[in-house]
Amino acid sequence: MRTRNRHRIPAVLAALAALLAGAACGGGAAGSGGAEVTELRYQGWVGQVLLPELAADLGYLGKVKLTWIGNTISGPQDIQSAATGQVEFGGAFNGAIVKLAAAKAPITAVVGYYGTDAKTYQGYYVTKDSPIRSARDLVGKKVGMNTLGAHAEAVLKTYLRRGRLGDADIDKVESIVVPPVNIEQSLRQGQIQVGVLGGLLRDKAVERGGLRPLFSDYDIFGTFTAGSYVFRDDFIKKNPGTVKEFVAGVAKAIEWVRSQPPAAVTARYDAIIAKRGRSEDNSQTRYFRSLGVAGKGGLITDAEFGNWIQWLRDEGELSGDVRPAELYTNEFNPFADGGAA
């Protein structure tokens, strides 16, 4: 486990920004002889089916081919890989996209892919006998989450501010990185006092008993799209047709999921995991409830970036004039302007 260093993020982003100018021209940014690149490298998640993978399996990606290069457990790492040309696209929490774009990374969000609703959410759990009942009770406590500077930490800080805690008290709430599979155990053993759990890990932990929810991201924000897929700007400029096919495929896959009962989605996920042969445990697919995506076909709104811009300003991690409309585009989405894919 590692604790949060308030001053590490600007330094890391500055170093990353220095690499971007050279990296943006590599990694298949444009096809030879003017032909568009149609092979997209990407990172997956163990035991999960990404929307682009589902879109490919459903035949929605047209000529676009996906090439898996490995797995990640971090959205910020995924979009950094996209920004530096190691992959063509990556997905992350919208607040992480704001931070990377503010560091002059030439990236643009093109379609939302995950979010929060009444069925799908991240819960902040304590043990049943914990004295923690409010934001004030978190002062001096440790909160375990999958990564820092992203969705889980942003929601936590919003909860603390809504609980009327000042900066000095908020700084005493310690956000700690814990691998997701270890969060429940760390919570039960007292290494952390709050654990952020979602999906399979949340449902299994709740089934075992002894935990209770303190709050969730759904309690704080209601239904919202939380994360988006990004491409580098140079890739979009040189390969607009490919980006359009990718976005259309993902958008149609979102609507396919909405139209199916959860059991049908689970069955499709299981078949995809079996076919790709990565020696994975597919047990988490049975806990699928919804994507949580708010907009039709993953359409993005200003508010889905504006909330996190304000959070980053409150944290002192964002300076300058950053506007939501500069961070994303819906121009490639077939559901824009009320259209049907």
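Residues numbered from 1 in each chain as written. Predicted model: local features only at pLDDT ≥ 70, side-chain atom pairs only at ≥ 80, totals over all residues. Heavy atoms only, no water.

### Notes on the overall build of the protein
Scanning the protein for helices and strands turns up 13 helices and 11 strands. Counting over 341 residues, the protein shows a buried share of 54%. In the protein, 80% of the contacts between residues at least 6 apart in sequence involve partners at least 24 apart. Counting every atom, the protein has about 14500 Å² of accessible surface; 51% of that belongs to carbon and sulfur. (Helix = DSSP H or I, 4+ residues; strand = E, 2+ residues; numbered from the N terminus. Buried < 20%, exposed > 50% of the residue type's maximum accessible area, 1.4 Å probe, protein only. Contact = heavy atoms within 4.5 Å. Areas by Shrake-Rupley, 256 points an atom, 1.4 Å probe, with all protein chains shown as cover.)

### Here we look at helix α8 (residues 199–208)
All buried positions along α8 are accounted for by Leu 200, Arg 202, Asp 203 and Ala 205. Just downstream of α8, Gly 209 is the residue with a positive phi angle, here 80°.

### What to know about the side chain of Asp 217
Its location among the elements puts Asp 217 in helix α9 (residues 217–221). There is no salt bridge for the buried Asp 217, and the closest opposite charge comes from Arg 202, which lies 7.1 Å off by N-O distance. Here Asp 217 is in contact with Thr 116, Tyr 121, Gln 122, Tyr 124, His 151, Val 155, Gly 222 and Phe 224, once residues within four sequence places are set aside. (Lys, Arg positive; Asp, Glu negative; His and termini not counted. Salt bridge = Lys/Arg side-chain N within 4 Å of Asp/Glu carboxyl O.)

### A word on the pattern of salt bridges
Note on pairing: side chains with opposite charge can pair once their charged atoms come close. Counted by the stated rule, this structure contains 17 salt bridges. Two residues, Arg 276 and Glu 280, come together in a salt bridge whose shortest N-O distance is 2.9 Å. Exposure remark for Arg 276: the relative accessible area of 19% places this residue in the buried category. Its relative accessible area of 17% is what places Glu 280 among the buried residues.

### Comments concerning the packing of helix α3 (residues 75–83) against helix α4 (residues 94–102)
A pair of packed helices is captured by two measures, namely the crossing angle of their axes and the spacing between those axes. For the pair α3 and α4, the least separation of the axes is 10 Å and the interaxial angle reads 40°. The element α3 and its partner α4 pack so that their crossing is right-handed. From α3, Pro 76, Ile 79, Gln 80 and Ala 83 reach across to α4, where they touch Ala 96, Ile 97 and Leu 100. (Axes fitted to C-alpha atoms, helices over the stretch in contact; angles between N-to-C directions. Left-handed = near helix turned anticlockwise from the far one by under 90°.)

### Considerations on helix α13 (residues 303–314)
The end-to-end C-alpha separation of α13 is 16 Å, in line with the 16 Å expected for 12 residues at 1.5 Å each. Every buried residue belonging to α13 is among Glu 304, Phe 305, Trp 308, Ile 309, Trp 311 and Leu 312, and all of these are buried. End-on, the buried residues of α13 take up no more than an arc of 165°, which puts them together on one face. Contacts from the buried residues of α13 go to β4 (89–93), α4, β5 (107–116), α5 (151–162), α9 and β11 (224–232). After α13 finishes, the residue Gly 316 shows a positive phi value of roughly 75°. (Expected span 1.5 Å × (residues − 1). Arc of directions from axis to C-beta.)

### Observations regarding the pairing of strand β2 (residues 39–44)
Pairing between β2 and strand β3 (residues 65–71): 5 bridges, direction parallel. Looking at the pairing, Gly 44 lines up with Asn 71 of β3. Read as a crossover between parallel neighbours, the route from β2 over helix α2 (residues 51–57) to β3 is right-handed. (Pairing = 2+ DSSP bridges. Right-handed = clockwise from strand over helix to strand, strands pointing away.)

### Considerations on the environment of Ser 279
Note on placement: Ser 279 falls in the loop between α12 (262–276) and α13. Given the relative accessible area of 79%, Ser 279 is considered exposed. Separated by 232 residues in sequence, Ser 279 and Gly 47 place their C-alpha atoms 9.0 Å apart.

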